[in-house]
Amino acid sequence: MHEETKITLRIPADLHRWLTDQARANRRSLNSEILHRLESGRDAAAADAESP
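My aim in this report is to walk through the structure given alongside it, one point at a time. Since this is a predicted model, take the numbers as computed values, not measurements.

About the criteria used
Residues numbered from 1 in each chain as written. Predicted model: local features only at pLDDT ≥ 70, side-chain atom pairs only at ≥ 80, totals over all residues. Heavy atoms only, no water. Helix = DSSP H or I, 4+ residues; strand = E, 2+ residues; numbered from the N terminus. Buried < 20%, exposed > 50% of the residue type's maximum accessible area, 1.4 Å probe, protein only. Areas by Shrake-Rupley, 256 points an atom, 1.4 Å probe, with all protein chains shown as cover. Lys, Arg positive; Asp, Glu negative; His and termini not counted. Charge placed at Lys NZ, Arg CZ, Asp CG, Glu CD. 1 Å grid on protein atoms, 1.4 Å probe; cavity = no way out; pocket = protein on both sides within 12 Å on 5 of 7 lines; lining within 4 Å. Points joined across faces, edges and corners; volume = space filled by probe spheres on them. Nonpolar A, V, L, I, M, F, W, Y, C, P; charged D, E, K, R; others polar. Expected span 1.5 Å × (residues − 1). Polar contact = N/O pair within 3.5 Å; in protein donor to acceptor, adjacent residues only side chain to side chain. Contact = heavy atoms within 4.5 Å.

So, the overall build of the chain
Check the secondary structure of the chain and you find 2 helices and 0 strands. Counting only C-alpha atoms and orienting by the principal axes, one finds that the chain spans roughly 40 × 25 × 25 Å. Counting over 52 residues, the chain shows a buried share of 6%. A total accessible area of about 5,000 Å² is found for the chain, and carbon and sulfur atoms account for 53% of it. Where the 8 positive side-chain charges of the chain centre and where its 9 negative ones centre are 10 Å apart.

Some details on the layout of surface pockets
By rolling a water-sized probe across the atoms, one finds the places where empty space is left. Roughly 640 Å³ of volume is contained in the largest pocket. Thr5, Ile7, Asn31, Leu35 and Leu38 are, among the 16 residues lining the largest pocket, the residues nearest its centre. Among the elements that take part in the lining of the largest pocket, helix 2 (residues 30-50) stands out by supplying 7 residues, more than any other. A per-class count over the lining of the largest pocket returns 7 nonpolar, 4 polar and 5 charged.

What about helix 1 (residues 13-25)?
Residue pairs three or four apart in sequence face the same way in an α-helix, which turns once every 3.6 residues. Helix length check: helix 1 (13 residues) gives 18 Å between terminal C-alpha atoms against 18 Å at 1.5 Å per residue, within 8%. A positive phi of about 55° marks Arg27, the residue just after helix 1.

Considering the side chain of Glu33
Secondary-structure assignment places Glu33 in helix 2. There is a polar contact of 2.7 Å between the side chain of Glu33 and the side chain of Arg37. Not counting residues within four places of it along the chain, the set of residues in contact with Glu33 comprises Leu19, Gln22, Ala23, Asn26 and Arg28.

Describing unusual backbone geometry
Here the phi dihedral of Arg27 falls at roughly 55°; this positive angle occurs in a residue that is not glycine. You can see Arg27 is positioned in the loop between helix 1 and helix 2. For Arg27, a relative accessible area of 80% translates into the label exposed.

So this is what it looks like as structure tokens:
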């Protein structure tokens, strides 16, 4: 079971609209879209840190 933490996040309205559009296009909830993007960024950063 994953431990979860709830946060309040303030973002610019245009970024919110873009994320909402992306979530809809990817058939995800807004929350799932944000998590997907954060996890992808984390994984890319880890891969960059491991490469010489």
